[in-house]
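Structural description and commentary
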Protein chains: 2
Amino acid sequence: MSTHRRQAISAALQAQPTFVSAQQLYAELRNAGERVGLATVYRHLQALAEAGQVDVLRTDEGEAVYRRCATGRHHHHLVCRSCGRTVEVADRAVERWADRIADEHGFRDVRHTVEVVGTCSACGAS
Amino acid sequence: MSTHRRQAISAALQAQPTFVSAQQLYAELRNAGERVGLATVYRHLQALAEAGQVDVLRTDEGEAVYRRCATGRHHHHLVCRSCGRTVEVADRAVERWADRIADEHGFRDVRHTVEVVGTCSACGAS
DNA sequence: GCAAGTATGAGAATCATTCCCGATAACCGG
DNA sequence: CCGGTTATCGGGAATGATTCTCATACTTGC
Ligand SMILES: [Zn+2]
Ligand SMILES: [Zn+2]
Ligand SMILES: [Zn+2]
Ligand SMILES: [Zn+2]
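Keep in mind that what you see is a predicted model, and the values were worked out from it rather than measured.

Attention now goes to the protein's contact with DNA strand C. For DNA strand C, the set of nearby residues contains 21 residues, the closest of which are Arg-5, Arg-35, Gly-37 and Thr-40 of chain A together with Tyr-42 of chain B. In DNA strand C, atoms within 4 Å of the protein come from the sugar-phosphate backbone in 73% of cases. For DNA strand C, a phosphate oxygen lies 2.4 Å from a polar atom in the backbone of Arg-35 of chain A. Taking Gly-37 of chain A, its main chain carries an N or O atom lying 2.8 Å from a phosphate oxygen of DNA strand C. Every element with two or more residues in the surface near DNA strand C is listed here: α1 (4–15) and α3 (38–50) of chain A together with α3 (38–50) of chain B. Counting residues per element, the surface near DNA strand C draws most heavily on α3 of chain B, at five residues. Counted by class, the surface near DNA strand C contains eight nonpolar, six polar and seven charged residues.

Take a look at the structure:
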């Protein structure tokens, strides 16, 4: 149905350079003057995630963070633990690996989670 | 120092066939007659995790689940979404993949998360 | 504009996890 | 074995993210 709030949230997410939590996005929307409720942010973020339009993952502390990715296709992330810079990685090699492993053990309908974190060249003050 | 509680918790975890949450382990310990506090279960689980003696991962709902694995070496898991059966997978291929990807983008000190879930042959009522 | 059906927002309710702090138990030199 | 010292416990309060509830504010089709 209507999409005023939805658009605002979707746009705000679009503008984020890194993964953000629902709380962060909520704070930014409020600062930007949007009169939006926290529940609504959660609702739309979930909807977008289910629709496959945003990627979700969890920080080590268990907080869910969201990001609108450049491509709608399946991919993984390489994230800088310091600045949050994120590189989207679409590489069939890891997909094949997951399928092979599952196959070897007789598992069906496999789904995988693969994330890589490190320190990017800009942050690595080696 | 004291190790009564620590042992009990460690042993209880050992006895689990699948990943369990702190809450579940707490419940089992109480049922087994152990007079233990929830905070203590969390404390030791974290300690064990930091010591690398147990693996931790998060369910889709964000709950942390723990498991004492057969090997102390780095490995990944193939988990049945239905019965929880877990296969420990130690395969250098995915390690190499992660390192290569990180390298290609100039990331250092990389760490990765790789989990695979599916339906095992016993549960797959195809 | 109107009725019917959503979406929304404020605040309460949940729930895992963490904090706090007095009580308890392990250690240790004597 | 004893008292003093110190690390660990347990229980209940505190936290913080996420979800629920429900009265109210939009949308949409007419
Ligand atoms: Zn960086
Ligand atoms: Zn993949
Ligand atoms: Zn199974
Ligand atoms: Zn690995």
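This part is about the nonpolar core. Core analysis: the biggest nonpolar cluster contains 26 residues, and Leu-78, Trp-97 and Phe-107 of chain A together with Leu-78, Trp-97 and Phe-107 of chain B have the highest contact counts within it. Taken together, the elements giving at least two residues each to this core come down to β4 (76–80), β5 (86–89), α4 (92–104) and β6 (108–119) of chain A together with β4 (76–80), β5 (86–89), α4 (92–104) and β6 (108–119) of chain B. Setting aside its immediate chain neighbours within four residues, Trp-97 of chain B contacts Val-89, Asp-91, Ala-93, Val-94, Val-114 and Val-116 of chain A.

What follows concerns the interface of chain B and chain A. Bring the parts together and some accessible area is lost; that lost area is often taken as the interface size. Taken together, the 38 residues of chain B in the interface contact 37 residues of chain A. Together chain B and chain A conceal approximately 3,000 Å² of surface at their shared face, both sides included; 62% is due to carbon and sulfur atoms. Between the two partners, chain B and chain A, sit two salt bridges. In this structure, the salt-bridge partner of Arg-100 of chain A is Asp-91 of chain B, at a minimum N-O distance of 3.0 Å. Where chain B packs against chain A, one counts 16 residue pairs in polar contact (both at pLDDT 80 or more). A per-element tally of the side of chain B that touches chain A places β6 of chain B first, with twelve residues. Within the side of chain B that touches chain A, the residues separate by chemical class into 17 nonpolar, ten polar and eleven charged. Judged from the nine bridges that link them, β6 of chain A and β6 of chain B form a sheet pairing that is antiparallel. Across the sheet, the residue bridging to Arg-108 of chain A is Thr-119 of chain B, located in β6 of chain B.

Cut-offs applied
- Residues numbered from 1 in each chain as written.
- Chains lettered and ligands numbered in written order.
- Predicted model: local features only at pLDDT ≥ 70, side-chain atom pairs only at ≥ 80, totals over all residues.
- Heavy atoms only, no water.
- Near = heavy atom within 4 Å.
- Polar contact = N/O pair within 3.5 Å; in protein donor to acceptor, adjacent residues only side chain to side chain.
- Helix = DSSP H or I, 4+ residues; strand = E, 2+ residues; numbered from the N terminus.
- Nonpolar A, V, L, I, M, F, W, Y, C, P; charged D, E, K, R; others polar.
- Core = buried A, V, L, I, M, F, W, Y, C linked by side-chain atoms within 4.5 Å.
- Buried < 20%, exposed > 50% of the residue type's maximum accessible area, 1.4 Å probe, protein only.
- Contact = heavy atoms within 4.5 Å.
- Buried area = accessible area lost by both parts, 1.4 Å probe.
- Salt bridge = Lys/Arg side-chain N within 4 Å of Asp/Glu carboxyl O.
- Pairing = 2+ DSSP bridges.

Function-wise, these values are silent; they only describe arrangement.
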